[in-house]
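# Structure assessment
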Amino acid sequence: MSKELIRLADCGMRFDGETVLHDINLYINDSEFLTLLGPSGCGKTTTLKIIGGFLTPTHGDVLFDGVRINDVPPHQRQVNTVFQKYALFPHLDVYDNIAFGLRMARPKLSRKEIDTRVMDMLEVVSLKGFEHRGVTSLSGGQQQRVAIARALVNRPKVLLLDEPLAALDLRLRKDMQQELKRIQQQMGITFIYVTHDQEEALAMSDTVVVMDSGRIQQIGTPEDIYNEPKNAFVADFIGESNIVDGFMRSDFQVEVNGRRFDCLDKGFSVNEPVDVVIRPEDIDIVSPEQGKLVGTVTSVTFKGMMYDMIVDFRGFKWLIQTTDHSPVGSRIGIKIDPDGIHVMAKSEYSGMFGDYSSFSEEYDELDDASVVLEEEENGDEE
Amino acid sequence: MKKPSNGLNRVFMALVFLFLYAPIVVLIVFSFNAGTSNAVWKGFSFEWYEQLFHNRMIMESVYTTLLVSLLATVIATVVGTFTAIGFYAMRRRTRAPLEAVNNIPMMNADIVTGVSMCLLFVAFFGFWNDFAEWVNNAQDFMTLPSLSMGFGTLLIAHISFNIPYVLLSVSPKLRQMDKNLIDAAQDLGCTWIQAFWKVALPEIKPGIVSGALIAFTMSIDDFVISYFTAGSSTSTLAMAIYSMTKKRVSPVINAVSTLLFITVLVLLVVVNIRDAKQAQAPTKQAADAGEQNSPLKKIALGALACLVIVALIFTGQHGNSNRVVNVCSWGEYIDESLIEEFESQTGITVHYQTTDSNETLYSLLKSGAGDYDVIVPSDYMIARLISEDMLAELDYSAIPNFAHIDSAYQHLSYDPENRYTVPYTWGTLGIIYNESMVDEPITSWSAMFDEKYAGQVLMIRNSRDALGAALLELGYDLNTTDEAEIRAAWQLLSDAKQKGVYQAFVMDEVYGKMEGGNAAIAMYYAGDYLTMLENNEDLRFVVPEEGSNWFVDAMCVLKTAQHKEEAMEWINFIASTQSNLANMDYIYYASPNTDALAEYPDYYFDLYDEELDRELYEIMVTPPEVLERCALYENLPADTLRLYNQLWTQLGI
């Protein structure tokens, strides 16, 4: 890719003696679509605000094009933001909202230039004809577009997006994901995108930064993050995963539930305890005789394209996604190809994730996350 | 269960509204009454509105009220808005207690706020003035001014009680505002200040406007706090109205009150329409706002507002000479053209204030709120003020007109050496009765205690006068300190009350009741009888044969007066024969000026082109043989005063 644009060097943030961000090191390339992904309270929005200039890091440097910008106020940064819930100016119409930044620009822009740029931008976000509508009369999706247009019209080098799609319904969210990606490619601007929705992150990003408890857990392409999670937290947060205890018997040989499986991982010491990630869709169901492991189906949920089955292997419950229906109570065997197995070193997150004993709650976690987020915000506003 | 019928509902609603609005309707109707009465309708006229606009005291107070309300509103709105923003930026743990503290002044009784502010100002000014004197004596480079209560303190008080209202209406708007708006504006190139003006301010503007409107209404309305903080030289409309009630409730009050009611009504309607519009069509408003905010219109509005305030300030400073005199008297107790005449003759600005009773005046003086130069208390109060060393000796060489004062009104018991006073007016207390409602002419105090007139008698609501009548009826001295005699008088009064002799104990209500023929007999002052007579020809006045009280109101100068020289000039002017004639004709109270008394019949003839009715004249100017059986009130010893109070309370009115 192209050259580096923004770098956070050992950036940390403390509020009231509480560390919300531990020494973050991160660089962002020009024209990159980078996503900060993590549960609420992980520090992703704080990171974004540091880049936007709304917060000054307690220590560490923020570099823009190699220049330290810690003390540059927001209005002097070549960065614009699309805020959570858009933060449109209710007393202005669509046109004036979008023109707001241009009118503040120094040196002054001519009326004509402002008009041309606003109209062009309305075209880009498909809102032609809405210029003189009040922003409060627009639908969520339209408001979203206004917010994006309002930021982009200033031709920033970097656009920061703080959970911009969180307030939209699923269908609209999918459309807007496409739309955002299209805009980003069309305009060639760096996007730094904050979300707690892993699907969104995987679908749109060039680079995903997974964060938790104020620390970066993993940086990588969506494929890397999904296929090669670094620890149990990442494995669990990105998609569904069975994370089980295992022992590395030798290179390419891992033991789970007393059975040895072939795998593609190496470089661990012999007999090292490890976390083994097995994605639910990577498990093949076979007859009990052929199975490497044999278990009992304890629940089946129809999901449209496939079934979610919980299978009990000697007390450990795994999630298996399959197109073949097996009734509850039946005994099945499973086999796993070597590339379906991912071995991770033990970490502080080991044992916290990937157990489907309490399946239903686990599974709803994603939806809960957005609810919690809402509540927190309301709490703040109080 | 059956629902109550619709008809009943409506009747009930109608009754509620009648209950709420009947008094105001009556007020408005009588503001257009041609007569002076509040009970008898004499035809439609704008007379009182005309008088209102020519009434200098009221117009000045209207001006003061508007100026103080506008300034206080503007300042309180600005301060309140920024305070609200400060609160908004705080953490909740810090903010919650502060907001609670903010709410306390609103809940607090006005009287407490008023008194405490008065105390603070008095204490501070006392300290400051001592300090200024010390500084001024110690060096010659600069002179520190001495401070006293006035417009400034009034303004400070109004600002301080307005701020919580502004805060209360701005804070919720701030909390409703999206927290990210300011960030968003900064993100788009605004500095924090620009972001505030361009984004936050329009968002919270509805809150600011309604806060300002509430503050303005509260300011216009306020009486209690103003009363304690305005000092002697300033008075608001509410204070002016209140002080007018001492002597005679002029229908001008109806006119003022009507206008005040309409002003507040209009403001309320404006506020409500605004709120309704916002609730109804926020989007439309948002769309309109774009056009409304055209810079030209903004500038025009701002300029207009500035112009109004500047105009108010400048017009208010007419006759802004350094020489002033602060006078405190009673309502409707001077021919106001005299004030203007005095001002044009001498160039001294007169701040003419009024209070409603001797006791109020006394408490004002004691609290320090009444820093007047000239006061006009009644005889017994003068004695009390002298005994408490609150009056200054007059410089009679500066008051040559004192020579015109009849010797009968000099060296009276309250000021035996006549060192402190120049009499203003005098008069008698007596019985007013309706000829058509009694069998025979009333001549004795016994009528006030006679069962024959049960339910027809109005007793005066004032312990000294009511017990005085009983003392005289029993043949005792008006100023007795003998407890047994006073208790006997009380018994007489109490028995009569038990028997239902009294329709009511009244002060100003006496006018309406006697003029309207609602009561047969009342006890009141001669001068006021003459006013009532204009509205009801059947009324008669008598000074009972047992004798009565006669009173003298006299001008005195306070020991603390800051304009003693001007005070002497004022007193001399008012003591002149011309002034006395004008006052006599205007207020119907007798003058102490020998020449004025002698010239009045001719003066009357010149003025009205008709003979003065001698009989009525003798009621106003009680002849010596009648006055002989009357006595002045003396300042009673503390024990006796206590007894009076205690007995009066026992009477249970």
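Residues numbered from 1 in each chain as written. Chains lettered and ligands numbered in written order. Predicted model: local features only at pLDDT ≥ 70, side-chain atom pairs only at ≥ 80, totals over all residues. Heavy atoms only, no water.

### Considerations on the pattern of salt bridges
Residues and elements named next belong to chain B. Inspection of every chain in the model, using the stated rule, returns 31 salt bridges over all chains. Taking the shortest distance from any N to any O, the salt bridge between Arg461 and Glu509 comes out at 3.2 Å. With Arg461 in the loop between β6 (457–460) and α17 (463–473) and Glu509 in helix α19 (residues 509–515), this pair connects stretches of sequence that are 48 residues apart. In this structure Glu509 comes out as partly exposed when scored by relative accessible area, which is 36%. Among the charged side chains, a salt-bridge network with shared partners connects Arg323, Glu565, Glu566 and Glu569. (Salt bridge = Lys/Arg side-chain N within 4 Å of Asp/Glu carboxyl O. Helix = DSSP H or I, 4+ residues; strand = E, 2+ residues; numbered from the N terminus. Buried < 20%, exposed > 50% of the residue type's maximum accessible area, 1.4 Å probe, protein only.)

### Here's the deal with the sheet that holds strand β19 (residues 331–336) of chain A
All names here are of chain A. If you walk across this open sheet you meet the five strands as β15-β19-β16-β17-β18, and the pairing is antiparallel. Unpaired on one side and paired on the other, β15 (283–286) and β18 (316–322) mark the two borders of the sheet. Ignoring strand direction, the axes of neighbouring strands in this sheet form an average angle of 45°. Where β15 and β19 come together, four bridges link them in antiparallel fashion. Looking across to β19, one finds that Ile283 is bridged to Ile336. (Pairing = 2+ DSSP bridges. Axes fitted to C-alpha atoms, helices over the stretch in contact; angles between N-to-C directions.)

### Structural notes on helix α1 (residues 44–52) of chain A
Spacing of three or four residues puts side chains on the same side of an α-helix, whose turn is 3.6 residues. Residue and element names in this part refer to chain A. Within α1, seven of the nine residues are buried, which leaves it mostly tucked inside the rest of the structure. Within α1, the full set of buried residues consists of Lys44, Thr46, Thr47, Leu48, Ile50, Ile51 and Gly52. Of the residues one or two after α1, Gly53 is the one with positive phi, at around 95°.

### Regarding unusual backbone geometry
Residues and elements named next belong to chain A. Positioned with a positive phi, Asp10 is a non-glycine residue whose angle comes to about 50°. Positive phi outside glycine occurs at Arg155, with the angle close to 50°. Within the secondary structure layout, Arg155 lies in the loop between α4 (140–152) and β7 (158–162).

### What about the confidence of the model for chain B?
Residue and element names in this part refer to chain B. Taken residue by residue, chain B gives an average pLDDT of 85. The fraction at 70 or more is 92%. With pLDDT under 50 throughout, residues 281–293 is counted as low confidence; its partners more than four residues away or in other chains account for nine contacts. Taken as a whole, residues 316–320 scores under 50 in pLDDT and shows three contacts with residues more than four places along the chain or in a different chain. This prediction of the complex comes with two scores: 0.64 for pTM and 0.74 for ipTM. (pLDDT = per-residue confidence, 0-100. Contact = heavy atoms within 4.5 Å.)

### With respect to the pairing of strand β16 (residues 293–302) of chain A
All names here are of chain A. Direction of pairing for β16 relative to β19: antiparallel, over a ladder of four bridges. For Val294, the partnering residue across the bridge sits in β19 and is Gly333. Where β16 folds back on strand β17 (residues 307–313), the antiparallel hairpin that results is connected by four residues, among which Gly304 adopts a positive phi of roughly 95°.

### Observations concerning the interface of chain A and chain B
With 26 residues of chain A in contact, the opposing surface of chain B contributes 25 residues. Summed over both partners, the interface of chain A with chain B comes to about 2,400 Å²; 59% of that surface belongs to carbon and sulfur atoms. Connecting chain A to chain B are zero salt bridges. Those elements that place two or more of their residues in the side of chain A that touches chain B are β6 (79–82), α2 (94–104) and α10 (365–381) of chain A. In terms of residue class, the side of chain A that touches chain B is made up of 10 nonpolar, 10 polar and six charged. (Buried area = accessible area lost by both parts, 1.4 Å probe. Nonpolar A, V, L, I, M, F, W, Y, C, P; charged D, E, K, R; others polar.)

### Quick word on a negative patch on the surface
Residues and elements named next belong to chain B. Together, Glu599, Asp602, Asp606, Asp609, Glu610 and Glu611 line one region of the surface with negative charge. Within the secondary structure, Glu610 sits in the loop between α23 (594–608) and α24 (614–620). Judged by relative accessible area, Glu610 falls into the partly exposed class, the value being 43%. (Patch = residues over 30% accessible without salt bridge, like charges linked within 9 Å, V, L, I, M, F, W, Y side chains within 5 Å. Areas by Shrake-Rupley, 256 points an atom, 1.4 Å probe, with all protein chains shown as cover. Lys, Arg positive; Asp, Glu negative; His and termini not counted. Charge placed at Lys NZ, Arg CZ, Asp CG, Glu CD.)

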